[in-house]
Each structure stands twice: as C-alpha cells, then as structure tokens.
Amino acid sequence: MLNVEILGGVGEYGRNCFYLEKDGRAILLDCGVMNNREKTMPTLTPAHMAKLDAVFISHSHIDHVGALPLLEQWGYKGQLIMSEMTAKQLKRTYPNIKTFSPRSISHWLHINQHLSFQWGFSGHLIGSVWYSIRFLGEVIFFSGDYVLDSYLLKANLPYEDCGKYNVAFIDSGHVEKTIKNEEVLQQIVEFICTNDSRPIIFPSSFSGKTADIAIYLFAHSTRKVYMDHAFFPLFEDYYDAPENVVPTPILPLFRSECLQETTVEENAIYFVPERDEATISQLFKNSPSAIVIFTGYFNKACYTQPLAPHQVKQFFYKTHPDYKDIIALSKHINAEKTIYFHSHFTNEETTLLTLIGKEADIG
Ligand SMILES: [Zn+2]
Ligand SMILES: [Zn+2]
C-alpha cells in the first residue's frame, strides 16, 4: 500500500513537497519553501529523509527547491533528479544532483530495480518538467508546475505506456480562472497600441511568462523592448535549449536587439524584476506618464509606495493550469486518486467530481 504524505503545497500556494512511501522505501516530489518573508519550510523530518531512494525536482523555483539545504544538512546522499537546465538555474549546486539530458525524453530511465521514470516538458519555465514514475509496482504522475498554452515553451502530455496511474499530483494553481493565454497577449498588444505615447513597465519574474510576453511584444509591436540585466540568463537558456522551445524565427533577432547594452529610448517597453521597486520608481521619475502592467497575482499591493489607478493596468497570463486545463489534464491522466496542489482553492478532499460540481463558483 502506497502511503502519501503531504508535507506542503496542498491547500496553499508554495512549499511544494510530497512524500510517497511503500515497504520502508520512499521518494520525494519537490522540496520547496513558502515564497514569504519567513521562507516557511515543508514539514519534512530526518525520519522522512532516512527512507528516501530519490528526490524528483520539477523546476528551479524556490517553492519547489528551497528546502533542499535541509536534506543536505541531514546528510541525504541519495539522488536529486532534475533536468540539466534546472540544475543550471539553481542558485547553488549539490554533489548528489543527477541530471537527465534532453535526448532522454520519452525513455524510461532506471534509478534502481524498484524505481524508474519518464519525463516531459511542462511549459512553465524553461527546463521545467513533469514525471511519470514507477515505484514498487505503483505508477505515479507528477505534473510539476504546468502551462498547456505557453507561447514559446513546449508542453507535452505523458506517453501512453505507463499503465493505470495509482496516484496523480496535478497543479491546480489557477483553478479559479478560465483564460486563453494567446488572447491575453493580443489584449496586451491592443492596450499598448492605444497608449502609444506612454512608456510601459512590466514587473516580471524568472519565468516562462516573462519570455512569452517579451518576445510576443517584440514580434507584434514597433516599440523598443528593454530587458533588465536580471533577465539575460533566462533568455540565454532559450538559446541553449532549443528542444524546449516552440520554433520561432524571432528569437535570434530578439537577442541582437534586446539582450545587448543599449541606450534606452523614450517610449520603450521595460521588463523589470517585480521586486525591484527602486528601478520602477526611477522609471516613473524619468517618465511620469508610464503605465505599470501586472500580469498575475503579484500586483500593486505588493509595493510600499502606492501606485495611482491611472498608473496601473492589470491583465492575467497563466503560469499554471486554469479550470478547464485542470479538468482536461485530470481526465487525460485518469488516476485512481488525484491530489490537487498549488492553490488555496483546492485541498486533499478535492476530486475531479467536486471540481466539476463547483464549476459555477470557480469557472
Ligand atoms: Zn514555478
Ligand atoms: Zn510553483
């Protein structure tokens, strides 16, 4: 009997960490902290760690990897499994990281006689993946953070040769929304065109969303796109991992025009780290008519200096599955038991049926 313990990330947004144990052996799916000031840890203990055969890491965001130092502190020597790109993006390295190469996609990779896995692209961040895992006769699906309709990143569904899933962990990060990312990109372009004389500021994060919006605007607007230095490594990953990216002729041009030291033009579109309030204030000082466009849960309430209504516009671009994506993904995986994570709107009791029943409330 597979014993599933939620150590964080279900019924909350952050510290994703799921422990699966059978016959005295165990695996861990992600090992994250809460993205708050305290960096709240998952409820992981040395007793959990002692049984681990392997830790599967979906991507490099801290709500999925921020508690890895705990495992190291307790002397964990087993494998930390992740994509090559995820390993490259981590703020620090660990001696027991075991990466898989892009060429291994769709293959079964063996860790020991009890444990093997397949992986695929999850569309949320360059290098982010989902896993299908065979563990002591059980079959497990872990979506990681998942975006089905990224403009630039590939996302594929699991292959058909897994057999019946016993348990699935499915990202329900945007369960309260129904959004088409392509339409949002078109709406942003329209808004920018009708505000032609005003500089635009996008508070942005290290994510697939930032690249999607920047490249889309570069391709569909005549205005200069200016990327903060902090995002250069993110874009370099797109050139290093073409297999992860939907082919587009725009990328090389973007590199030569937007990822170089350039003089800033009036009326540009700026991508600035969302927590860098000082740079955003400076941009306003230089260009008082600027507009800040927020594209997710991070918004003006996160800043110490209030922004006036005429300085702000809100859109929402998915970085997780929305209601319809979650229903489609759940039906495709069709596991005996599904655990929805990454949302305040779902908990351990949530099933596909309760989600469908609540469509009127959250759809
Ligand atoms: Zn993430
Ligand atoms: Zn996450």
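Read on for a plain summary of the structure. Values in this document were obtained by computation on a predicted structure and should not be read as measured data. For every chain, the first residue of the written sequence is number 1, and numbering continues from 1 onward in sequence order. Labels are handed out in written order, letters beginning with A for the chains and numbers beginning with 1 for the ligands. Local features in this predicted model are restricted to residues of pLDDT 70 or higher, and side-chain atom pairs are both shown and tallied only at a pLDDT of 80 or more, whereas totals for entire chains, interfaces and linings draw on every residue.

**Things to note about the overall build of the protein**
Consideration 1: The helix and strand tally for the protein stands at twelve helices and 17 strands.
Consideration 2: Each radius of gyration is computed over the set of C-alpha atoms, and the globule rule expresses the reference value as 2.2 Å times the number of residues to the power 0.38. Relative to its length of 363 residues, the protein is compact, with a C-alpha radius of gyration of 21 Å against a globular reference of 21 Å.
Consideration 3: Each principal axis of the C-alpha distribution contributes one length, and for the protein these read about 65 × 45 × 40 Å.
Consideration 4: Here exposure depends only on C-beta density: within 10 Å of a residue's C-beta, 20 or more other C-beta atoms make it buried, 12 or fewer make it exposed, and intermediate numbers make it partly exposed, the C-beta atoms being placed from the backbone. Looking at the protein residue by residue over its 363 residues, the buried ones come to 42%.
Consideration 5: In the protein, 70% of the contacts between residues at least 6 apart in sequence involve partners at least 24 apart. Put simply, DSSP marks the helices as runs of H or I at least four residues long and the strands as runs of E at least two long, and each gets a number from the N terminus on. Placing a C-beta atom from the backbone of each residue, one calls two residues in contact when those atoms lie within 7 Å.

**Some details on the sheet that holds strand β11 (residues 167–171)**
Consideration 1: In short, DSSP must find at least two bridges between two strands for them to pair. Pairing within the open sheet is mixed, and its six strands lie in the order β7-β8-β9-β10-β11-β17. Each of the sheet's edge strands pairs with one partner strand only, and the pair in question is β7 (109–112) and β17 (337–341). Strand-to-strand twist of the sheet, defined as the mean angle between neighbouring strand axes without regard to direction, takes the value 20°.
Consideration 2: Both strand β9 (residues 129–135) and strand β10 (residues 138–142) contribute to a ladder of five bridges, which runs antiparallel. What sits directly across from phenylalanine 135, in β10, is glutamate 138.
Consideration 3: Sheet strands in contact with helix α10 (residues 323–333) are β10, β11 and β17, and its direction is about 160° off that of β11. Every axis in this analysis is a line fitted to C-alpha atoms, fitted for helices over the stretch in contact. Angles between the N-to-C directions lie between 0 and 180 degrees.

**Topic: the pairing of β9**
Consideration 1: Of all seven residues making up β9, six are buried, and the element is well covered by its neighbours.
Consideration 2: Across seven bridges, strand β8 (residues 115–121) lies against β9 in antiparallel orientation. Following the sheet pairing, glycine 120 is matched in β9 by tryptophan 130.
Consideration 3: Linking β9 to β10, which pair antiparallel, is a turn of two residues; within it leucine 136 sits at a positive phi near 50°.

**Digging into the environment of threonine 43**
Consideration 1: With respect to the element layout, threonine 43 can be found in the loop between β3 (25–29) and α1 (46–50).
Consideration 2: In this structure, threonine 43 is in contact with Leu7 and Gly8, ignoring residues within four places of it in sequence.

**Some details on the packing of helix α5 (residues 181–194) against helix α6 (residues 208–220)**
Consideration 1: α6 packs onto α5 with a crossing angle of 55° between their chain directions and a minimal axis gap of 10 Å. Taken together, the axes of α5 and α6 lie oblique to each other. In this structure, α5 crosses over α6, and the sense of that crossing is right-handed. Touching Leu185, Ile188 and Val189 of α5 are Ile213, Tyr216, Leu217 and His220, all from α6.
Consideration 2: Along the lines of polarity and charge, the residues of the contact of α5 with α6 split into six nonpolar, one polar and no charged. The scheme is simple: roughly parallel for angles under 35 degrees, roughly antiparallel for over 145, roughly perpendicular for 65 to 115, oblique for anything else. Should the near helix be turned anticlockwise from the far one by less than a right angle, the crossing is termed left-handed; should it be turned clockwise, right-handed. The classification used treats Ala, Val, Leu, Ile, Met, Phe, Trp, Tyr, Cys and Pro as nonpolar, Asp, Glu, Lys and Arg as charged, and all other residues, Gly among them, as polar.

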